[in-house]
2 protein chains.
Amino acid sequence: MPTPSHVEKHFTAGEVVRDIVIGMSDGLTVPFALAAGLSGAIDNSAVVVTAGLAEVAAGSIAMGLGGYLAARSDAEHYASEREREVREVAEKPGAEVAEVTAIFEAYGLSREASAPVVAALTSSPKVWVDFMMRFELGLEEPDPRRAGRSALTIAGSYVAGGLVPLAPYLLIGSARTALGVSTGTTLVALAVFGFVKGHFTGSRPWRSALQTVLIGSLAAGAAFAIARAIA
Amino acid sequence: MPTPSHVEKHFTAGEVVRDIVIGMSDGLTVPFALAAGLSGAIDNSAVVVTAGLAEVAAGSIAMGLGGYLAARSDAEHYASEREREVREVAEKPGAEVAEVTAIFEAYGLSREASAPVVAALTSSPKVWVDFMMRFELGLEEPDPRRAGRSALTIAGSYVAGGLVPLAPYLLIGSARTALGVSTGTTLVALAVFGFVKGHFTGSRPWRSALQTVLIGSLAAGAAFAIARAIA
């Protein structure tokens, strides 16, 4: 699909960063909060580690395969919409010409002013379909290798994130003692992650760091309160 | 921003469905897998319920606030890119006219053929910027109320999904017995959810049902194996 090359580049780099962010923000937050919550109810690191690693396995698989399916379904959606446009261009060219004209009219161009461009765009079915995909439907052609890469990136980032809060429980027998170390380590990790994430995604790094720390703290606080209330 | 109205409609309905899918697919899967994993290691429903509800609290908050930030950062990204285009159109109109011409050239239109449309598009700064946002950058203007709605939809769907696998452990004291009931109930719920999801997202419903059941089973199997191996 013909687009200025810097758009494509921006898009691809953004997807890998987005997958790392998806996996790592949940991977740092949920196992941390679960471990903190359980420590509030049961002072036994073995139980916390068992639950924590079970959660990391479940979460990384669920999110990784979820990302795989999301990427696959993007690709299928694009293919099926493209097929529909190809059919419409072949079967109802008049209606499709009117749609191209209407697109330019929405930007204030008279039928007469847009006529030469409409004629040129609709002279080749491929160019015509490319134009409708991007302009009428706002869809970009997905990279076919994206699904598998996306799954591995998300799952790997989740595991890497999840091991940070769990490591202290692996080393320290008392869950209450480990909780303090885990909280300190994870809040620092969340801040660093949020800062780097802000840098890559174009938001202010310190505000982003504050946000990830806040989400982690809220999630852990809620998990701790609920576990305490039950146990 | 002027776009054909059916595109906008499709987009908004898709976002709510997408938020429900995000929250519920993880909500059904991860607490189910965690509870199954813990049951393999510890035959005590109270521990499973404590860990499960702590996970639901942590997961719903982490995913809900994550969705909030994602929607907010989409809106900020749009605003900052729009500001940049407005500045470029005002400060470097020559370069921007060349960019519009290049967009049409990518579709095989000669400079002469596109000249009248380029002239019309670039005659009003607002229309010009609208066109660049959609066409050069492929960005749609996000709905400003989306962030809060997105957060509540994702978190609510996560909680609703998470209570399904945990309910049997609340009612049955032996975690091993509850595991069987929870597995049966959750696999049925995953199949129904996958079927409905397939219907809404345009993929084949039965295949979608099979996929969600498979992801849930894999995540639960991995969590069970890991918890067994440790305990």
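Just above, that's the structure.
Residues numbered from 1 in each chain as written. Chains lettered and ligands numbered in written order. Predicted model: local features only at pLDDT ≥ 70, side-chain atom pairs only at ≥ 80, totals over all residues. Heavy atoms only, no water.

Undergrad: It is not clear to me how the interface of chain B and chain A should be interpreted in this structure. Could you clarify?
TA: When the parts of a complex come together, some accessible area is lost, and that lost area is often taken as the interface size. The interface of chain B with chain A comprises 61 residues on the first partner and 63 residues on the second. A combined buried area of about 5100 Å² lies between chain B and chain A, and 75% of that area is made up of carbon and sulfur atoms. On the chain B side of the contact with chain A, Thr50, Tyr107 and Ile215 of chain B bury the most area, a combined 12% of that side's loss. On inspection of chain B and its partner chain A, the count reaches 2 salt bridges. With its nearest N and O atoms 2.9 Å apart, the salt bridge here joins glutamate 76 of chain B to arginine 207 of chain A. Remark: the boundary between chain B and chain A carries 2 residue pairs in polar contact (both at pLDDT 80 or more). Of all the elements in the fold, those that place two or more residues in the side of chain B that touches chain A are α1 (5–41), α2 (45–91), α3 (93–106), α4 (111–121), α5 (125–135) and α8 (205–230) of chain B. The element that contributes the greatest number of residues to the side of chain B that touches chain A is α2 of chain B, accounting for 19 residues. (Contact = heavy atoms within 4.5 Å. Buried area = accessible area lost by both parts, 1.4 Å probe. Salt bridge = Lys/Arg side-chain N within 4 Å of Asp/Glu carboxyl O. Polar contact = N/O pair within 3.5 Å; in protein donor to acceptor, adjacent residues only side chain to side chain. Helix = DSSP H or I, 4+ residues; strand = E, 2+ residues; numbered from the N terminus.)

Undergrad: Got a minute to help me understand the packing of aromatic side chains in this structure?
TA: What characterises a pair of aromatic rings is the spacing of the ring centres plus the angle enclosed by the ring planes. Enumeration over the complete set of coordinates arrives at 7 aromatic pairs over all chains. When the centroid spacing of 5.9 Å and the interplanar angle of 25 degrees are considered together, the rings of phenylalanine 104 of chain A and phenylalanine 131 of chain A count as stacked. Linking phenylalanine 104 of chain A in helix α3 (residues 93–106) with phenylalanine 131 of chain A in helix α5 (residues 125–135), this pair joins segments that are 27 residues apart in sequence. Since its relative accessible area comes to 1%, phenylalanine 131 of chain A is described here as buried. Ring centres 5.7 Å apart and planes at 80 degrees place the aromatic pair phenylalanine 131 of chain A and tyrosine 107 of chain B in the edge-to-face group. Of the two residues, phenylalanine 131 of chain A sits in helix α5 while tyrosine 107 of chain B sits in the loop between α3 and α4, which places them in two different chains. (Phe/Tyr/Trp six-rings, centres within 6.5 Å; stacked < 30°, edge-to-face > 60°. Buried < 20%, exposed > 50% of the residue type's maximum accessible area, 1.4 Å probe, protein only.)

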